[in-house]
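Listed below, chain by chain, are the residues.
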Amino acid sequence: VETHNGDYPFTFQVSGKERTLELQASSEQDKESWIKAFRETIDVFDQKNESFKMGKDLEELSAEVSNAELGKRAPKWIRDNEVTMCMICKEMFNALTRRRHHCRACGHVVCWKCSDYKAQLKYDANRINKVC
(Lines give C-alpha, C1' and ligand atoms only; values in the text may rest on other atoms or scores of the structure.)
Protein backbone atom coordinates (compact mmCIF):
# COMPACT_ATOMS: atom_id res chain seq x y z
CA VAL A 1 0.00 0.00 0.00
CA GLU A 2 1.39 3.36 -0.95
CA THR A 3 1.36 6.02 1.73
CA HIS A 4 1.74 9.79 1.49
CA ASN A 5 4.29 11.20 3.88
CA GLY A 6 5.66 14.65 3.03
CA ASP A 7 8.87 14.08 4.97
CA TYR A 8 9.56 10.71 3.30
CA PRO A 9 8.21 10.77 -0.28
CA PHE A 10 9.07 7.18 -1.26
CA THR A 11 7.25 5.43 1.61
CA PHE A 12 5.01 2.37 1.33
CA GLN A 13 3.43 -0.14 3.71
CA VAL A 14 3.58 -3.91 3.80
CA SER A 15 0.69 -5.40 5.78
CA GLY A 16 0.50 -8.91 7.16
CA LYS A 17 -1.82 -10.79 9.47
CA GLU A 18 0.07 -9.76 12.58
CA ARG A 19 1.72 -6.42 11.76
CA THR A 20 2.20 -3.63 9.24
CA LEU A 21 5.59 -2.25 8.28
CA GLU A 22 6.23 1.19 6.81
CA LEU A 23 9.22 1.07 4.49
CA GLN A 24 11.17 3.83 2.79
CA ALA A 25 12.96 3.61 -0.54
CA SER A 26 15.61 5.97 -1.88
CA SER A 27 13.70 6.81 -5.09
CA GLU A 28 10.36 6.29 -6.82
CA GLN A 29 11.96 3.70 -9.10
CA ASP A 30 13.44 1.87 -6.10
CA LYS A 31 10.03 1.90 -4.38
CA GLU A 32 8.32 0.45 -7.47
CA SER A 33 11.01 -2.25 -7.72
CA TRP A 34 10.45 -3.25 -4.10
CA ILE A 35 6.66 -3.35 -4.51
CA LYS A 36 7.02 -5.47 -7.67
CA ALA A 37 9.41 -7.86 -5.88
CA PHE A 38 6.99 -8.25 -2.96
CA ARG A 39 4.06 -8.95 -5.29
CA GLU A 40 6.02 -11.51 -7.32
CA THR A 41 7.19 -13.25 -4.14
CA ILE A 42 3.62 -13.40 -2.82
CA ASP A 43 2.44 -14.87 -6.15
CA VAL A 44 5.13 -17.57 -6.05
CA PHE A 45 4.28 -18.37 -2.43
CA ASP A 46 0.56 -18.64 -3.26
CA GLN A 47 1.26 -20.95 -6.22
CA LYS A 48 3.47 -23.25 -4.16
CA ASN A 49 1.00 -23.25 -1.28
CA GLU A 50 -1.86 -24.18 -3.58
CA SER A 51 -0.60 -27.76 -3.82
CA PHE A 52 -1.14 -28.14 -0.07
CA LYS A 53 -4.73 -26.95 0.01
CA MET A 54 -7.19 -29.80 0.38
CA GLY A 55 -10.92 -30.25 0.12
CA LYS A 56 -11.79 -27.56 -2.43
CA ASP A 57 -14.64 -28.42 -4.75
CA LEU A 58 -13.68 -28.42 -8.46
CA GLU A 59 -16.46 -26.03 -9.38
CA GLU A 60 -15.22 -23.62 -6.72
CA LEU A 61 -11.73 -23.83 -8.26
CA SER A 62 -13.14 -23.20 -11.72
CA ALA A 63 -15.00 -20.12 -10.52
CA GLU A 64 -11.75 -18.56 -9.31
CA VAL A 65 -10.49 -18.08 -12.87
CA SER A 66 -11.99 -14.94 -14.32
CA ASN A 67 -11.83 -14.24 -18.04
CA ALA A 68 -10.14 -10.90 -17.34
CA GLU A 69 -7.26 -12.68 -15.57
CA LEU A 70 -6.66 -15.41 -18.18
CA GLY A 71 -3.08 -15.31 -19.36
CA LYS A 72 -2.07 -12.44 -17.07
CA ARG A 73 -1.24 -14.67 -14.11
CA ALA A 74 -0.16 -18.26 -13.87
CA PRO A 75 -3.27 -20.36 -13.19
CA LYS A 76 -3.93 -22.56 -10.18
CA TRP A 77 -3.73 -26.05 -11.64
CA ILE A 78 -6.34 -28.62 -10.78
CA ARG A 79 -4.64 -31.86 -9.76
CA ASP A 80 -4.74 -34.80 -12.14
CA ASN A 81 -6.15 -37.13 -9.49
CA GLU A 82 -9.14 -34.84 -8.87
CA VAL A 83 -10.68 -35.41 -12.31
CA THR A 84 -11.57 -38.56 -14.23
CA MET A 85 -12.83 -36.90 -17.42
CA CYS A 86 -12.05 -33.89 -19.59
CA MET A 87 -13.46 -30.78 -17.95
CA ILE A 88 -14.72 -29.53 -21.35
CA CYS A 89 -15.97 -32.46 -23.46
CA LYS A 90 -16.50 -34.86 -20.51
CA GLU A 91 -14.70 -37.78 -22.23
CA MET A 92 -13.14 -40.22 -19.76
CA PHE A 93 -9.34 -40.22 -19.41
CA ASN A 94 -7.30 -43.39 -19.77
CA ALA A 95 -3.59 -44.20 -19.75
CA LEU A 96 -3.18 -44.87 -23.47
CA THR A 97 -5.54 -42.96 -25.74
CA ARG A 98 -6.92 -40.03 -23.75
CA ARG A 99 -4.31 -38.53 -21.47
CA ARG A 100 -4.63 -35.52 -19.18
CA HIS A 101 -3.29 -32.08 -20.14
CA HIS A 102 -3.38 -28.83 -18.19
CA CYS A 103 -4.56 -25.68 -19.91
CA ARG A 104 -1.76 -23.16 -19.37
CA ALA A 105 -4.26 -20.28 -19.21
CA CYS A 106 -6.92 -21.53 -16.75
CA GLY A 107 -5.40 -24.67 -15.16
CA HIS A 108 -8.26 -27.01 -16.11
CA VAL A 109 -7.50 -30.65 -16.85
CA VAL A 110 -8.50 -31.41 -20.43
CA CYS A 111 -7.95 -33.98 -23.17
CA TRP A 112 -5.66 -33.45 -26.17
CA LYS A 113 -8.57 -32.45 -28.43
CA CYS A 114 -9.70 -29.74 -26.04
CA SER A 115 -6.18 -28.42 -25.49
CA ASP A 116 -5.31 -28.20 -29.18
CA TYR A 117 -5.27 -24.38 -29.19
CA LYS A 118 -2.36 -22.04 -28.70
CA ALA A 119 -2.13 -18.52 -27.28
CA GLN A 120 0.45 -16.08 -26.04
CA LEU A 121 0.30 -15.79 -22.25
CA LYS A 122 1.46 -12.60 -20.60
CA TYR A 123 2.63 -14.34 -17.40
CA ASP A 124 4.92 -16.54 -19.48
CA ALA A 125 6.72 -13.67 -21.26
CA ASN A 126 4.16 -13.81 -24.11
CA ARG A 127 5.37 -17.26 -25.18
CA ILE A 128 2.98 -19.52 -27.09
CA ASN A 129 1.29 -22.08 -24.80
CA LYS A 130 -1.32 -24.83 -25.19
CA VAL A 131 -4.72 -23.67 -23.96
CA CYS A 132 -8.27 -24.98 -23.92
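Remember, it's a predicted structure, so these values are computed and weren't measured experimentally. (Residues numbered from 1 in each chain as written. Predicted model: local features only at pLDDT ≥ 70, side-chain atom pairs only at ≥ 80, totals over all residues. Heavy atoms only, no water.)

### Focus: the overall build of the protein chain
- Tallying secondary structure elements over the protein chain gives 2 helices and 6 strands in all.
- Secondary structure elements in the protein chain, listed N-terminal to C-terminal, are β-β-α-α-β-β-β-β.
- Across the 132 residues that make up the protein chain, the buried fraction comes to 23%.
- Summarising the internal contacts of the protein chain: among those between residues at least 6 apart in sequence, 36% fall at separations of at least 24.
- A total accessible area of about 9900 Å² is found for the protein chain, and carbon and sulfur atoms account for 52% of it. (Helix = DSSP H or I, 4+ residues; strand = E, 2+ residues; numbered from the N terminus. Buried < 20%, exposed > 50% of the residue type's maximum accessible area, 1.4 Å probe, protein only. Contact = heavy atoms within 4.5 Å. Areas by Shrake-Rupley, 256 points an atom, 1.4 Å probe, with all protein chains shown as cover.)

### Some points on the packing of aromatic side chains
- In total, this model carries 2 aromatic pairs according to the counting rule given.
- Seen in terms of ring centroids, W34 and F38 are 5.9 Å apart; in terms of plane orientation they differ by 35°. Their pairing is tilted. Here W34 and its partner F38 are both found in helix α1 (residues 28-50), 4 residues apart, which amounts to about one turn of the helix.
- In this structure an aromatic cluster arises from ring pairing among F12, W34 and F38. (Phe/Tyr/Trp six-rings, centres within 6.5 Å; stacked < 30°, edge-to-face > 60°.)

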